[in-house]
Amino acid sequence: MADASRPLVLRLRLALLLSFSLLLLRLHLASKVGFADAEALYASYALHPQPAYLDHPGLVGAVMRLLGGGGVPTPLVAHTASAFAATLLPWLGALGARAAGASGSGAFRTLFALALVPELAVGLFSLTPDLLLGLLWLGALGAAALALRCEAGSSRALYAFLACGGLLGLAVLAKVSAVLLLLALLATLCTRGARPHLRTFAPWAALLLTAILVMPLVLWEAARGYPMLEHRLVSTQADAGLSLRNAAVLLGGQLLYLSPPALFAAALIARSLYVKRREDITSTLLWNATWIPGLVLAALCLWSRVAEPHWLAPAYLALALDLGRSSLLPRRLAAVSLATGAVLCVLAWFWVGTDLPPQLLGQRYPEHDPSNDLYAWGPGKKLVLEVVEDTMREKQAPPVVVGPHYIVCAQAHAALGPNIPVGCNTPRRDDFDDWLPRQRWLDAPVVLYVRDERFGLDAAPELPNRIVRSVATVSVRRGDLVVRRLQVIRLDKLSDTAAR
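Residues numbered from 1 in each chain as written. Predicted model: local features only at pLDDT ≥ 70, side-chain atom pairs only at ≥ 80, totals over all residues. Heavy atoms only, no water.

Some words on the state of the cysteines
Filter applied, for reference: When two cysteine sulfur atoms are found within 2.5 Å, that pair is recorded as a disulfide. Strands are runs of DSSP state E lasting at least two residues, helices are runs of H or I lasting at least four, and both sets are numbered from the N terminus onward. Burial classification: accessible surface area is computed with a 1.4 Å probe over protein chains only, and a residue below 20% of its type maximum counts as buried, one above 50% as exposed, and the rest as partly exposed.
The tally for this structure, following the rule as stated, stands at one disulfide. Through a disulfide, Cys409 is tied to Cys424; the S-S separation comes to 2.1 Å. Around the S-S axis, the bridge from Cys409 to Cys424 shows a dihedral of about 90 degrees and counts as right-handed. With a gap of 15 residues between them, Cys409 in helix H20 (residues 406-416) and Cys424 in strand S2 (residues 422-424) connect regions that are remote in the sequence. Each of the two residues, Cys409 as well as Cys424, counts as buried. Note on Cys150: no disulfide assigned, nearest cysteine sulfur contributed by Cys164 at a separation of 12 Å. Its relative accessible area of 3% is what places Cys164 among the buried residues.

Quick look at the structure:
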């Protein structure tokens, strides 16, 4: 018995060592960087509790608000939480694989794959809807697999179905694409192998629980004319249409986010799962949880120019669980996939967590390196706060802060908190139009216009009846190199200036 358990003990030690190493890398980054641009928007959600926003449902905002004690959390707090959550995700996948029938050694195959695929190991560092979706999707899928493998009508099946329903409802509140997992579960329940469960209360109770959790989101959207769906599928899709450009972005994204050997391994697992999809109910579930999200999300990426390749990630999670149920991958391919993932994780930490990459690049393209965004709002926050305080000493009232794009507005809003109003000067409607309507900030006596060099620093903002009172600029450095400049322009109303 001792000899038989030795390989599992070794795998457990390796898994703990890998998780601890990745956690240390994430915590190191958490101690150095601020919010990414989109992440700052999710942090801003904490200041405006509501069931849904234009981009996503409200769960990520509720989590941010919880971490921030009712307000915006600091980047350190948010990234510390996301570091532990991202480290937990592969272990949750291993539990899901066990629930789907994997052996102990098979569960570790799932764990290592999820821990080292770059899309999860690197992409889930920030506290985003995708991080919450990954955790909840794996939890719901594992609970569904366990429920379907239990004896129909048993208390164990009931509890597993209820867990699935609760996690699935929360997943929809994290990101609407979780509806595709619900469709996969419904398709599975309609098959012959699931009919014994349909004659019991358990799956219906799970669906009822999902509906109860999702209902506030549905009612919020319906009362306002479905603004999130309109924003996602209509107003942002002016240039939508099938194109070779979209196909190239989708394929290139999969090669980058998974790595070429991991993508090839995923194709092999998908082919095997397709062949055995009718052999047992678990295979049916995992196949449906692969092809239904995969088909819909891939079609959306091929049609939309603003779709992002990482949207396809949920379709791979069922393949990771099936990896634990079979050992079909050649040893060499598995080793190369894991080694490539490990190298890419270290390279990502090196690129974001050290000052050497900008030194190597020199002055070339710093504005196009997204890792610089994570450093910009340390100095940027200090500059904006100084200008706000100077203005308030003169005016005895808070000015309005405005940016040219939501990525700047969100960074300013997350940095300034609830006491300084922030608007956004964008041609397309965004969340800031609800939080601080355009006419209100246009009427403000003083507007502090914040921008960085991605939006130009030379020309004055074209706002009506405004005169430039002052301009303040700060340079963001990584090592000895300036990688970003931010500017705050004070714009006073002409009538106020004339009266003075």
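Having seen it, we continue.
A closer look at the environment of Thr200
Using the following cut-off: Contacts are residue-level and defined by heavy atoms, with any inter-residue pair within 4.5 Å sufficient. Whenever two N or O atoms come within 3.5 Å, that pair is a polar contact, provided that in protein one can donate a hydrogen and the other can accept it, and provided that, for residues adjacent in sequence, both atoms are side-chain atoms.
If you trace the backbone, Thr200 turns up in the loop between helix H10 (195-198) and helix H11 (202-223). A relative accessible area of 18% means that Thr200 is categorised as buried. Once residues lying within four places of it in the same chain are set aside, the contact partners of Thr200 are Ala152 and Gly153. There is a polar contact of 2.6 Å between the side chain of Thr200 and the backbone oxygen of His197.

Observations regarding unusual backbone geometry
Although it is not a glycine, Tyr226 adopts a positive phi angle of roughly 55 degrees. Structurally, Tyr226 can be placed in the loop between H11 and helix H12 (227-235). Looking at Tyr226, the relative accessible area reads 40%, which means it is partly exposed.

Brief notes about the pairing of strand S4 (residues 466-478)
The following threshold applies: Following DSSP output, two strands are said to pair if at least two bridges run between them.
Pairing geometry for S4 and strand S5 (residues 481-493), over 12 bridges, is antiparallel. Each bridged residue has a counterpart across the sheet, and for Arg477 the counterpart in S5 is Val482. What sits between the antiparallel neighbours S4 and S5 is a turn of two residues, in which Gly479 has the positive phi angle 70 degrees.

Observations regarding the pairing of S5
Among the 13 residues that make up S5, 10 are buried, leaving the element largely enclosed by the rest of the structure. Two strands pair when backbone bridges link them, and strand S3 (residues 446-452) and S5 are joined in this way by seven bridges, in the antiparallel orientation. Residue Asp452 lies in a different strand from S5, and its bridge partner there is Leu486.

A short note on the packing of aromatic side chains
Let me state the cut-off plainly: Any pair of Phe, Tyr and Trp rings, taking the six-membered ring for Trp, is counted once the centres come within 6.5 Å. Such a pair is stacked with planes under 30 degrees apart, edge-to-face with planes over 60 apart, and tilted for the rest. We call a charge positioned above a ring when the Lys NZ or Arg CZ atom is no farther than 6 Å from the ring centre and deviates by at most 35 degrees from the ring normal.
Evaluation of the coordinates by the stated rule reveals seven aromatic pairs. Measuring from centroid to centroid gives 3.7 Å for Tyr45 and Tyr53, while their planes differ by 5 degrees, and the two rings are stacked. Each member of the pair, Tyr45 together with Tyr53, is buried. Just above the ring of Trp220 sits the side chain of Arg224; from NZ or CZ to the centre is 3.4 Å.

Points about the side chain of His413
Structurally, His413 can be placed in helix H20. Assessed through its relative accessible area of 6%, His413 is described here as buried. In this structure, His413 is in contact with Ser44, Leu47, His48, Ile420, Val422, Phe432 and Trp435, ignoring residues within four places of it in sequence.

Quick word on helix H2 (residues 37-45)
In terms of burial, H2 is a largely internal element, eight of the nine residues being buried. For H2, the elements touching its buried residues are helix H3 (59-67), helix H4 (75-99), helix H7 (129-149), helix H19 (373-395), H20 and helix H21 (432-435).

Here's the deal with the nonpolar core
Keep this limit in mind: Each nonpolar core is a collection of buried residues, namely Ala, Val, Leu, Ile, Met, Phe, Trp, Tyr and Cys, held together in the definition by side-chain atoms within 4.5 Å.
In terms of nonpolar packing, the biggest core is built from 127 residues, with Phe35, Met64, Leu141, Trp377, Val401 and Phe432 touching the most fellow members. Counting residues per element, this core draws most heavily on H7, which supplies 14 residues. Of all hydrophobic cores here, the second largest spans 11 residues; its members include Val402, Trp441, Ala444 and Leu491.

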